[in-house]
Amino acid sequence: MFKLTLSDADLLKNSIPIISEIIDEAVFKVDENGISLVSPDRAMVAVVDMKIMPTAFDEYKCEGEELLGLNLSNLSAVIKRAKSGDKIILEKEKDDNKLTITIKGEGTRKFVLPLLDIKTEKPPIDKLAFTGRLEIESKIIEESIADADIISDAVIFEADGNAFRIEAKGDVSSVKMELTKEDKGLLDLKVDGTIRAQYPLEYLKKMIKASKISEQMTIEFGTDYPMRMGFKSIDKMQLSFILAPRVES
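A brief report on the enclosed structure follows. (Residues numbered from 1 in each chain as written. Predicted model: local features only at pLDDT ≥ 70, side-chain atom pairs only at ≥ 80, totals over all residues. Heavy atoms only, no water.)

## Re the sheet that holds strand E14 (residues 186-191)
Heads up, the condition is: One requirement defines pairing of two strands: DSSP has to find at least two bridges between them. In this description a helix means any DSSP run of H or I spanning at least four residues, a strand means any run of E spanning at least two, and both kinds are numbered starting from the N terminus. Between N-to-C directions, angles span 0 to 180 degrees; the directions come from axes that are lines fitted to C-alpha atoms, helices contributing only their stretch in contact. Residue contacts are defined here by distance: any two heavy atoms, one from each residue, within 4.5 Å place the two residues in contact.
Strand order in the open sheet formed by 9 strands is E6-E2-E3-E4-E18-E17-E16-E10-E14, and the pairing between neighbours is antiparallel. Edge positions in the open sheet fall to strand E6 (66-71) and E14, since each of these has one partner strand only. Ignoring strand direction, the axes of neighbouring strands in this sheet form an average angle of 15°. Of the strand pairs in this sheet, strand E2 (residues 25-31) and E6 are connected by 6 bridges, and their pairing is antiparallel. In the strand pairing of E6, Ala-26 is matched with Leu-70. Against the sheet, helix H3 (residues 72-79) makes contact with E2 and E6, and its axis sits at roughly 90° relative to E6, the strand it touches most. In this fold helix H4 (residues 138-151) packs onto strand E10 (132-137), strand E16 (216-221) and strand E17 (227-233), with an angle of close to 95° to the strand it touches most, E10.

Now the structure itself:
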């Protein structure tokens with residue numbers, strides 16, 4: 001059983017709806033360490049990895065461990081009903097098969113969602129070994145993805161010891177963005193050799209919406225290798241996405 005009170009409604013409003021665009025059902029774990037979720041999408045192309053720390057909450061009371069199987073569309077619809085500044089209370093009683101979400105603002109609204117029996121296996125994302133890592137201003141990636149979307153349905157990420165590049169190519173058109181270590185928007189860059197991989201924009205357009213969480217983000221990838229895109233709100237939330245590369249024969 002647990003009762004969690006959150007006064008920063010935007011923390012959930014800026015994360016749960018984005019996650020729901022990628023995965024439709026998921027199992028959340030609630031324990032003394034916070035709320036966590038690691039789940040792949042049905043196509044096994046992407047994985048969502050989220051952690052909300054107990055320090056994000058005004059009140060965090062949790063006895064033992066609870067696993068919450070939820071329909072993400074339903075959960076997202078409820079969270080969207082909260083306004084910025086509203087208080088959100090998440091509750092589950094012992095041996096109860098439902099989650100109660102109370103939204104306190106101009107009045108008190110209470111939603112009850114059924115818990116689902118969802119079978120899931122944790123993807124082995126902790127075994128990933130990336131050969132490149134960079135920290136960058138989120139708005140740069142957001143703009144680059146929007147640029148690439150005009151040209152193609154996929155985007156190429158490339159990096160070496162001095163620069164990071166994003167490129168998209170169509171039949172007759174192309175677009176390219178480059179940042180060097182001297183550019184202030186590229187905050188950190190560590191790469192072994194030169195790495196290059198292509199990723200589907202369909203997923204990236206959804207993932208980059210998490211830039212609302214943080215003005216800065218991390219990107220880890222390798223040549224024709226999965227990418228991890230991470231966002232962090234200090235002492236509150238960590239949200240990252242793993243995306244499989246599109247490898248052309």
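## Quick notes on unusual backbone geometry
Phi angles above zero are rare outside glycine, and Met-44 is one such case at about 60°. Its location among the elements puts Met-44 in the loop between strand E3 (34-40) and strand E4 (46-52). In this structure, Asp-224 is a non-glycine residue whose phi angle is positive, near 45°. One can find Asp-224 in the loop between E16 and E17.

## A short note on a positive patch on the surface
For clarity, the threshold we go by: What goes into a patch is any residue over 30% in relative accessible area without a salt bridge, connected to like charges within 9 Å or, for nonpolar side chains (Val, Leu, Ile, Met, Phe, Trp, Tyr), within 5 Å. For every accessible area listed, the method is Shrake-Rupley and the probe measures 1.4 Å; residues are considered covered only by the protein chains on display. Every case where a carboxyl oxygen of Asp or Glu lies within 4 Å of a side-chain nitrogen of Lys or Arg is listed as a salt bridge. The sign given to each residue is positive for Lys and Arg and negative for Asp and Glu; His and the chain ends receive no count. The atom standing in for a charge is NZ when the residue is Lys, CZ when it is Arg, CG when it is Asp and CD when it is Glu. For each residue, the accessible area found with a 1.4 Å probe, counting protein chains only, is set against the maximum for its type, and the residue is called buried under 20%, exposed over 50%, and partly exposed in between.
Positive charge collects at one region of the surface, where Lys-3, Lys-87, Lys-104 and Lys-110 lie side by side. Of note, Lys-104 is situated in strand E8 (residues 98-105). Taking relative accessible area as the criterion, Lys-104 reaches 41% and is therefore assigned partly exposed.

## Some details on H4
Just so we agree on the cut-off: In this analysis, the expected span of each helix is defined as 1.5 Å times one less than the number of residues it contains. As used here, the arc belongs to the directions running from the helix axis to the C-beta atoms.
Taking 1.5 Å of rise per residue, the 14 residues of H4 would be expected to cover 20 Å, and the 21 Å separating its terminal C-alpha atoms lies within 8% of that figure. Here H4 has its buried residues at Ser-138, Ile-140, Ile-141, Ser-144, Ile-145 and Ala-148. Angular distribution of buried residues about the axis of H4 spans 155°; they occupy a single face of the element. Relative to its buried face, H4 has exposed residues pointing more than 90 degrees away, namely Lys-139, Glu-143 and Ile-150.

## Focus: the pairing of strand E13 (residues 174-180)
Examined bridge by bridge, strand E12 (residues 163-169) and E13 share 7 bridges and lie antiparallel to one another. For Phe-164, the partnering residue across the bridge sits in E13 and is Leu-179. Where E12 hands over to E13, the hairpin turn is made up of 4 residues, counted between the paired strands.

## A look at the sheet that holds E12
Strand order in this open sheet of 4 strands is E13-E12-E11-E15, and the pairing throughout is antiparallel. Among the strands making up the open sheet, the edge pair consists of E13 and strand E15 (195-200). Ignoring which end each strand starts from, the neighbouring axes of this sheet average 15° apart.

## Considering the environment of Asn-97
Relative to the assigned elements, Asn-97 resides in the loop between strand E7 (87-92) and E8. According to the relative accessible area criterion, Asn-97 is exposed, its value standing at 54%. Linking Asn-97 and Leu-113, residues 16 residues apart in sequence, is a C-alpha distance of 8.9 Å. Dropping the residues within four chain positions of it, Asn-97 is found in contact with Pro-114 and Leu-115.

## Some words on the pairing of strand E18 (residues 237-243)
Counting buried positions along E18 gives 6 out of 7 residues, so the element sits mostly inside the fold. Bridge count between E4 and E18: 7 bridges; the pairing is antiparallel. The residue bridging Ile-52 from the neighbouring strand is Met-237, located in E18. Two strands pair when backbone bridges link them, and E17 and E18 are joined in this way by 7 bridges, in the antiparallel orientation. By the bridge assignment, Arg-228 is partnered in E18 with Ile-242.

## So, H3
Here is the rule: Under this definition, polar contacts are N or O atom pairs within 3.5 Å; protein pairs additionally need one hydrogen-donor-capable and one acceptor-capable atom, and for neighbouring residues in sequence, both atoms have to be side-chain atoms.
Among the residues making up H3, those that are buried are Leu-72, Leu-75, Ser-76, Val-78 and Ile-79. Buried residues of H3 fall within an arc of 160° about the axis and therefore sit on the same side. Among the residues of H3, the N-terminal cap falls to Asn-71, whose side-chain oxygen and the backbone nitrogen of Ser-73 are separated by 3.0 Å.

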